[in-house]
Amino acid sequence: MKNQEIAKIFREIASILEIKGENHFRIRAYEKAAQNIESMPEDIEDFVRGDRLKAIPGIGKDLEEKIKEIVSKGSLGYLKELKKDIPRGLLDILNIPGVGPKTAKALYEQLDIRDLVMLERMAHAGRIRNLPGMKEKTEENILRGIEILKRGHDRMDIKTAMDVAGFFIERLKKLKEVKKIDPAGSLRRNKDTVKDIDILISSDKPEKVMDVFTAFPDVKDIIAKGPTKSSILTNDGIQVDLRIIDADSYGAGLMYFTGSKEHNIKLRQLAIKNDLKLSEYGIFKKDKRVAGKTEKEIYKKLGMAYIVPELREDRGEVEAALKGDLPDLVELSDIKGDLHAHSKWSDGGSSIEELVNEARNLGYEYIAITDHSQGLKIAGGLTRERLKEKMKEIEMLRKKYKDINILYGSEVDIDAEGRLDYSDDILKEMDIVIAAIHSGFKQSKDKLTRRIAKACENKYVNIIAHLTGRLWGARDPYEVDMEEIFKACRDNNTALEINSFPQRLDLNDINCRMAKDFGVKIAINTDAHISQQLRTMKFGISVARRGWLEKKDVINTLSFNALSNKQ
Ligand code: DGT
Ligand code: CA
């Protein structure tokens, strides 16, 4: 859980340094470190204990000391110092997506804004457009930014939810009073964002379990406490609900609290049709419980196949289960390689060799090194000359590591007109080409769609990455005509990516399923910027499973030979 806390502190430092007009590289260093730490699957405290902090890309002596201080004291003196000169209201404004330090400063100084509520009111009242350098558009941007920010606070991304739930579950599991424990709710359904965390326990000493739960050091407030249900708020303001259920009705309770509500309602109606009654306590015939201990026996009593949590959304899964027609969902263990990763050659923090070794640890058959293209200067995009040097390094590593295939590729920028950032003679040398949009998000839906469709048509492009550009809590998805894109992908044999980065998870589950129905193939990639991030594949898998994808729909489940023949 400390990962999130440290990332938050580093981001706050970066914001303050930005307001103070400090060196750009220093600011980026804090932002990068925050991003790396936040997206790491391992607990940073393990790195502290093992004295391995410097193994994390972007962490030098200075940040190492700061992390140690946060872990040992729970706060950072340097941040406290910095905060002394900066009013809270100003920081709040700077946190709004799309509002830079200059605008933030001007707003703060000229309107004496003390918090977001006040800023929102001013924007609504049209008080901002008349300030020097501001327009009506500025107001719109501010209001949209505040909306995005609020939604980001309202629902956390899946990785944060899993980290927080994992923290509680690991500790509660150790109690001898806890017989069974499972996450429930949207988290168990692996939804891409989660409002609050639900945990279920079966125990014969509920009071004791609740005492321990509500006394954890990460608990800031106790919202409710009782023998069957307690709710707390963590220091980060995340709500965790713990319910304790009888062993005899554990399956029924787990099913009920896993949801979704729509799925539950559908099952209850089905039960009624069969002269049964389904509740959180079990499935009853007349007044006699005929099942309830496990979910499996409940689905069986309803005459259907077991439905995995990811599918429980009332999107046709009940009908399919009744017919014995459920998809055989793709699994993490089906994945044979990662087709999107950045190395130090562009904006990544790890060397190609480090990425290759992590991919080997994961048992992959292949890994694609897809650094940014030349036009993306802020992300260290590679010129033709640098590409050649990179290729030499890959050739050297290919000789050194014979047990894995290292693919030479790029994440090529699609420009405002839909042209690719490298010419065909460069692209044709590559083993894999990913195309993606990195700017011009505000274009019309039509224009954006045409841009992407045009990139699909280039015969060297294999994959379109992060199609809608969403970044949870920071950027809304841009609108594209999905059907048009799916057609272009299908007709040109271009795959679409599910980007496993927790704030992206783009395509989302619904688009993913539509793509499949169109006959479009999917690549599940991590877009890793440090080698540890290759382990975030599981989040992309969650989206794929929620999107009904099977192994055959996902290109990186193919063996290297099959994949090479396909492209
Ligand atoms: P969230 O927290 O918004 O990300 O989504 P959930 O699905 O975790 O929703 P939550 O936490 O309100 O409730 C957990 C589960 O409890 C939910 O998935 C289904 C069940 N549940 C809650 N309220 C109702 C209800 O009114 N009717 C039924 N049938 N089930 C409910
Ligand atoms: Ca929930």
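For every chain, the first residue of its written sequence is number 1, and the numbers climb from 1 along that sequence. Both sets of labels track the order of writing: A upward for chains, 1 upward for ligands. Note on the predicted model: pLDDT of at least 70 is required for a residue's local features to be given, and 80 or more for side-chain atom pairs to be given and counted; whole-chain, interface and lining totals, by contrast, use all residues. In computing side-chain properties, one takes all heavy atoms of the structure into account and sets aside hydrogens as well as water.

## Concerning the coordination of the calcium ion (ligand 2)
Each metal's donors are the N, O and S atoms found within 2.8 Å of it, except that Na, K and Ca use a 3.2 Å limit; water is left out, so coordination can look incomplete. The coordination sphere of the calcium ion (ligand 2), as far as protein atoms go, consists of Asp 196 (O), Asp 196 (OD) and Asp 198 (OD), spread over 2.3 to 2.6 Å. Donor angles set the geometry label: tetrahedral for four donors if every angle is between 85 and 135 degrees, square planar for four and octahedral for six if opposite donors exceed 155 degrees and the others are between 65 and 115, irregular for anything else. If you look at the calcium ion (ligand 2), its six donor atoms make angles of 69 to 168 degrees with each other, and the shape they trace is irregular.

## What to know about the packing of helix H20 (residues 445-457) against helix H21 (residues 482-492)
Axis definition: a line fitted to C-alpha atoms, over the contacting stretch in the case of helices. Angles run 0 to 180 degrees between N-to-C directions. Each helix is a run of H or I in the DSSP string that is no shorter than four residues. Each strand is a run of E no shorter than two, and both are numbered from the N terminus. Contact geometry for H20 and H21: axes closest at 9 Å, N-to-C directions at 5 degrees. Between H20 and H21, the crossing angle belongs to the class labelled roughly parallel. Taking contact as the criterion, the partners of Thr 449, Ile 452, Ala 453, Cys 456 and Glu 457 in H20 are, on H21, Glu 484, Ile 485, Ala 488, Cys 489 and Asn 492. In this classification, the charged set is Asp, Glu, Lys and Arg, the nonpolar set is Ala, Val, Leu, Ile, Met, Phe, Trp, Tyr, Cys and Pro, and all remaining amino acids, among them Gly, are polar. For the contact of H20 with H21, a count of residues per class yields six nonpolar, two polar and two charged. The scheme is simple: roughly parallel for angles under 35 degrees, roughly antiparallel for over 145, roughly perpendicular for 65 to 115, oblique for anything else. The contact criterion used is simple: two residues touch if any of their non-hydrogen atoms lie within 4.5 Å.

## Structural notes on the environment of Arg 289
With respect to the helices and strands, Arg 289 occurs in strand S10 (residues 288-291). Sequence-wise, Arg 289 and Lys 277 are twelve residues apart; in three dimensions their C-alpha atoms are separated by 9.2 Å. In contact with Arg 289, other than residues within four places in its own chain, are Asp 248, Ser 249, Tyr 281, Gly 282, Ile 283 and Phe 284. A distance of 2.7 Å separates a polar atom in the side chain of Arg 289 from the backbone oxygen of Tyr 281. Any pair of N or O atoms that falls within 3.5 Å is considered a polar contact. Within protein, one atom must be able to donate a hydrogen and the other to accept it, and sequence-neighbouring residues count only if both atoms are side-chain atoms.

## Digging into the nonpolar core
In summary, soluble globular proteins display a tendency toward joint burial of nonpolar side chains. If you look at the biggest cluster of nonpolar residues, it comprises 64 residues, and the most contacted ones within it are Ile 464, Leu 467, Leu 496 and Ile 524. In this description, a nonpolar core means a group of buried Ala, Val, Leu, Ile, Met, Phe, Trp, Tyr and Cys residues linked to one another through side-chain atoms lying within 4.5 Å. Classification of residues uses two cut-offs on accessible area relative to the type maximum, computed with a 1.4 Å probe and protein chains only: under 20% is buried, over 50% is exposed, and between them is partly exposed. Residues Ala 34, Phe 47, Leu 82 and Leu 90 belong to the second largest nonpolar core, which totals 51 residues.

## Observations concerning a positive patch on the surface
Patch definition: residues with relative accessible area over 30% and no salt bridge; like charges joined within 9 Å; nonpolar side chains (Val, Leu, Ile, Met, Phe, Trp, Tyr) joined within 5 Å. Note that accessible areas follow from Shrake-Rupley with a 1.4 Å probe, and for residues the cover is restricted to the protein chains shown. Here, a salt bridge means any side-chain nitrogen of Lys or Arg that lies within 4 Å of a carboxyl oxygen of Asp or Glu. Counted as positive: Lys and Arg. Counted as negative: Asp and Glu, with His and the chain ends omitted from the count. By convention, the charge on Lys lies at NZ, on Arg at CZ, on Asp at CG and on Glu at CD. Taken together, the side chains of Lys 285, Lys 286, Lys 288, Lys 300 and Lys 301 make up a positively charged region of the molecular surface. Here Lys 288 lies in strand S10. Taking the relative accessible area as the measure of exposure, Lys 288 reaches 57% and is therefore exposed.

## Considering the pattern of salt bridges
Per the stated rule, a full pass over the model turns up 54 salt bridges. Residue Arg 545 pairs with Glu 310 through a salt bridge whose shortest N-O separation is 2.6 Å. Of this pair, Arg 545 sits in helix H23 (residues 537-546) while Glu 310 sits in the loop between helix H15 (295-301) and helix H16 (317-323); the two residues are 235 residues apart in sequence, bridging distant segments of the chain. For Arg 546, the salt bridge goes to Asp 509, with nearest N and O atoms at 3.0 Å. Placement of the pair is Arg 546 in helix H23 and Asp 509 in helix H22 (residues 509-518), with a sequence separation of 37 residues.

## Some remarks on the sheet that holds strand S14 (residues 432-436)
If DSSP finds at least two bridges between two strands, the strands pair. If you trace the seven strands from one edge of the open sheet to the other, you get S11-S12-S13-S14-S15-S16-S17, paired in parallel fashion. Looking at strand neighbours, the two that pair on one side only are strand S11 (337-338) and strand S17 (522-525), the edges of this open sheet. Bridging between strand S15 (residues 463-464) and strand S16 (residues 495-499) involves two bridges; their strand directions are parallel. If you follow Ile 463 over to S16, its bridge partner there is Ala 495.

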